[in-house]
Structures are given as structure tokens and as C-alpha cells.
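# Descriptive structure summary
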Amino acid sequence: MTPLHTQEKEQFRKLFQQERVENFEDRFKVLEAFLSMEKHVTVDELAGFLGQRGVKLSPEFVRDTLKMLSRLGFARQSRFDNGVVRYEHHHLGDHHDHMICTKCGRIIEFKEERLEKYQIQIAATHGFHMLRHKMEIYGICADCLKERSRQMPLTMAKAGERLVIREISGGASVRMRLLAMGLRQGDRIEIITNDGQGQLAVAVDLKRYALGRGLAQKIVVESSER
Ligand SMILES: [Zn+2]
Ligand SMILES: [Zn+2]
Ligand SMILES: [Zn+2]
């Protein structure tokens, strides 16, 4: 436990006893577990972690406590990419931004003073006084990039990826169909949306195309950013 965390626990004690919060001891256990854990945890992860340590508390109680902690400035919540709510420590005066891997879900924290200042300046050019911001960069982490095979069916591509059409399988009829739409081998293609089901939206030369999954499965693509 770092001195910073000891300090947080003392402040928590003061604030919560002052507010006469019910179930103080259990809430304190939630705080202790939260402070000892890796960052960006979900309610279920924290409840599970407590359970492993023999502290049986319902997820509802844990969620409620985390919300309380957020309200009082001990935790901060984020919903990356509209996913499940995650909580991280909120140390006063500490600010960082996030990169989120859309493949494995890893969350990388970063801090860049130049970027921080630049954002304030940009806001100011619009006559806007910036109070706070959230910067979330979505992409593919270094490990996932290494692991990913060079070629894959278009259905596996993620939104935002820029790819090249390497091959069209399924015979001449498929190639003709795609050609009629305006897509051919060698085209550089950008994925606009691909949520794992239904149609994919892609763009080639600023033109949008909607592709059914069956058809997209027959298009072999390769990253164009290597
Ligand atoms: Zn920032
Ligand atoms: Zn990853
Ligand atoms: Zn963070």
C-alpha cells in the first residue's frame, strides 16, 4: 500500500463517518480492495476479487459503493467505447488519457504535456474555456499487431483499419459482383463499421459501400500500414 493510498483511506474514513454512511466497515473493505487492484476494474471483477479474499458482498453493494467513491472523488468511471463501466483510482491532481485496444481490450495510459496544452489552445481559438477533457484513442495494441496474421477475411477487420484487397475468393461470379459495385483487387479500403454481425460499411476513395457478411468473407485483405 503506497503512502498515497494510506492517505486516501484516512480521507475516506473521515468523509464517510462524517456522512454517517451505513455499512461503513463493508464499504471500507470495498475501498481497500479497490485501491489494491489494477486500474480500470468492473464491478464484477471487484466483487470477484473480494470474494476470493473471503469477503462476500453482492455486486449491487459493490456497485453502490463504487458510485459513492466516484461521487466523493476517490474513483473515476469510464465507459470505453460504450462498453461496461470501469472504475479507476482518482488521485487528486493526476490526469492521464487512454489508448484502448479494440482487439484484446487492453487499456494503456499515457500522459503528454504538449497534447494537454495544445487542447487548451485549440479550445481557446474557439473562444472556449476548457475545464476538462477525455481523450480515448482506439486501435490495436503492439502485441495484437504482432499476433495478427498478415492476411485475413474482411469480416475480421476492425472499424478504422486501412487495408488493401489482396484476393477475392469464391470464383469469377463473386469477382464480377464486386467489380459491378466498383471494388477490385488492389483497392485500398477503409473500414467504417463492422460490429461483428450484419452488413459492414467500408469506404474506397471516399465512396461508401455496404457489404453483406457472406460477400465480405470472400474478400481477403491485408493491412496497408506496414
Ligand atoms: Zn489529457
Ligand atoms: Zn490488444
Ligand atoms: Zn486510466
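All figures in this text were calculated on a predicted structure; none of them were measured in a lab.

## Comments concerning the sheet that holds strand S4 (residues 107-110)
Within the open sheet, the three strands sit side by side as S4-S3-S5. Their pairing is mixed. Taken across any chain shown, the strands that pair with only one partner, and hence form the sheet edges, are S4 and strand S5 (136-139). In this sheet, neighbouring strand axes are inclined to one another by 20° on average, regardless of whether the strands run parallel or antiparallel. Here four bridges tie strand S3 (residues 97-101) to S4, and the two strands are oriented antiparallel to one another. When the sheet's bridge partners are listed, Ile 100 is paired in S4 with Ile 107.

## Topic: the nonpolar core
Grouped together as the largest cluster of nonpolar side chains are 26 residues, with contacts concentrated most on Phe 12, Phe 34, Leu 46, Leu 50, Val 62, Leu 66 and Leu 69. Contributing elements (two or more residues each) for this core: helix H1 (3-18), helix H2 (24-36), helix H3 (43-52) and helix H4 (59-71). Setting aside residues up to four positions removed in sequence, Phe 12 forms contacts with Gln 17, Phe 24, Arg 27, Phe 28, Leu 31, Leu 69 and Phe 74. By size, the runner-up hydrophobic cluster in this structure holds 20 residues, among which are Leu 163, Leu 183, Ile 189 and Val 204.

## A closer look at the domain arrangement of the protein
The domain architecture assigned to the protein consists of domain 1 (3-89), domain 2 (97-144) and domain 3 (151-223). Here the C-alpha centre of domain 3 lies 45 Å away from the C-alpha centre of domain 1.

## Examining H1
In a regular helix each residue adds 1.5 Å, so 16 residues correspond to 22 Å; H1 covers 23 Å between its end C-alpha atoms and thus fits that length. In this structure, the buried side of H1 is in contact with H2, H4 and strand S2 (86-89). Positive backbone phi, approximately 50°, marks Arg 20, located one or two places after H1.

## A few points about the coordination of the zinc ion (ligand 1)
Protein ligation of the zinc ion (ligand 1) involves His 95 (NE2), Asp 97 (OD), Asp 97 (OD), Glu 116 (OE) and His 133 (NE2), the donor distances falling in the range 1.8 to 2.8 Å. All donors of the zinc ion (ligand 1) belong to a single chain; written as a sequence motif, their spacing is H-x1-D-x18-E-x16-H. A residue pair is termed long-range when its members are at least 10 positions apart, and Glu 116 in helix H5 (residues 113-125) and His 133 in the loop between H5 and S5 qualify at 17 residues.

## Side note on the coordination of the zinc ion (ligand 2)
All of the protein donors around the zinc ion (ligand 2) are Cys 101 (SG), Cys 104 (SG), Cys 141 (SG) and Cys 144 (SG); their distances to the metal are 2.3 Å. Take Cys 144: its relative accessible area is 9%, and that puts it in the buried class.

## As for the packing of H2 against H4
One can describe the packing of H2 onto H4 by two numbers: an axis separation of 10 Å at closest approach and a directional angle of 75°. Considering their axes alone, H2 and H4 lie roughly perpendicular with respect to each other. On H4, the residues that touch Asp 26, Arg 27, Val 30, Leu 31 and Phe 34 of H2 are Phe 61, Val 62, Asp 64, Thr 65, Leu 66, Met 68 and Leu 69. Across the contact of H2 with H4, the residue classes tally to eight nonpolar, one polar and three charged.

## Comments concerning the sheet that holds strand S8 (residues 188-193)
Reading across from one edge, S6-S11-S7-S8-S9-S10 is the order of the six strands in this open sheet, with antiparallel pairing throughout. Unpaired on one side and paired on the other, strand S6 (151-153) and strand S10 (207-211) mark the two borders of the sheet. On average, adjacent strands in this sheet sit at an angle of 45° to one another, irrespective of strand direction. Bridge analysis of strand S9 (residues 200-204) against S10 gives five bridges, and the strand direction is antiparallel. By the bridge assignment for S10, Val 202 is matched with Tyr 209.

## Quick notes on the packing of H3 against H4
Following both chains from N to C, one finds H3 and H4 inclined at 115°, their axes separated by 9 Å at the closest point. Here H3 runs over H4; the crossing is right-handed. Counted together, Val 43, Asp 44, Leu 46, Ala 47 and Leu 50 of H3 and Pro 59, Val 62, Arg 63 and Leu 66 of H4 form the full contact between these two elements. Per-class residue counts for the contact of H3 with H4 are seven nonpolar, no polar and two charged.

Reading guide: rules and limits
All residue numbers here refer to positions counted from 1 along the written sequence of the relevant chain. Chains carry letters and ligands carry numbers; both start at the beginning, A for chains and 1 for ligands, and go up in the order they are written. Local features in a predicted model are, by the rule used here, given only for residues with pLDDT of at least 70; side-chain atom pairs are given and counted only at 80 or more, and totals for whole chains, interfaces and linings are based on all residues. Each side-chain value is worked out from all heavy atoms of the structure, with water and hydrogens disregarded. In short, DSSP must find at least two bridges between two strands for them to pair. Only DSSP runs of H or I with at least four residues qualify as helices, and only runs of E with at least two residues qualify as strands; both kinds are numbered from the N terminus onward. In this description, a line fitted to the C-alpha atoms serves as the axis of each element, helices being fitted only across the stretch in contact, and the angle between N-to-C directions of two axes falls anywhere from 0 to 180 degrees. Residues enter a nonpolar core if they are buried and are Ala, Val, Leu, Ile, Met, Phe, Trp, Tyr or Cys, with the set joined through side-chain atoms within 4.5 Å. For the exposure calls, accessible area comes from a 1.4 Å probe over protein chains only, and a residue counts as buried if that area is under 20% of its type's maximum, exposed if over 50%, partly exposed in between. It only takes one pair of heavy atoms within 4.5 Å for two residues to be counted as in contact. Domain delimitation in this document rests on an assignment produced automatically or drawn from a domain database. To estimate how far a helix should extend, the number of its residues minus one is multiplied by 1.5 Å. Each metal's donors are the N, O and S atoms within 2.8 Å of it, or within 3.2 Å when it is Na, K or Ca, and because water is not part of the set, sites may look incomplete. The labels follow the angle: roughly parallel below 35 degrees, roughly antiparallel above 145, roughly perpendicular from 65 to 115, and oblique for the rest. Charged means Asp, Glu, Lys or Arg here, nonpolar means Ala, Val, Leu, Ile, Met, Phe, Trp, Tyr, Cys or Pro, and polar covers whatever is left, Gly included. A clockwise turn of the near helix away from the far one marks a right-handed crossing, whereas an anticlockwise turn of less than a right angle marks a left-handed crossing.

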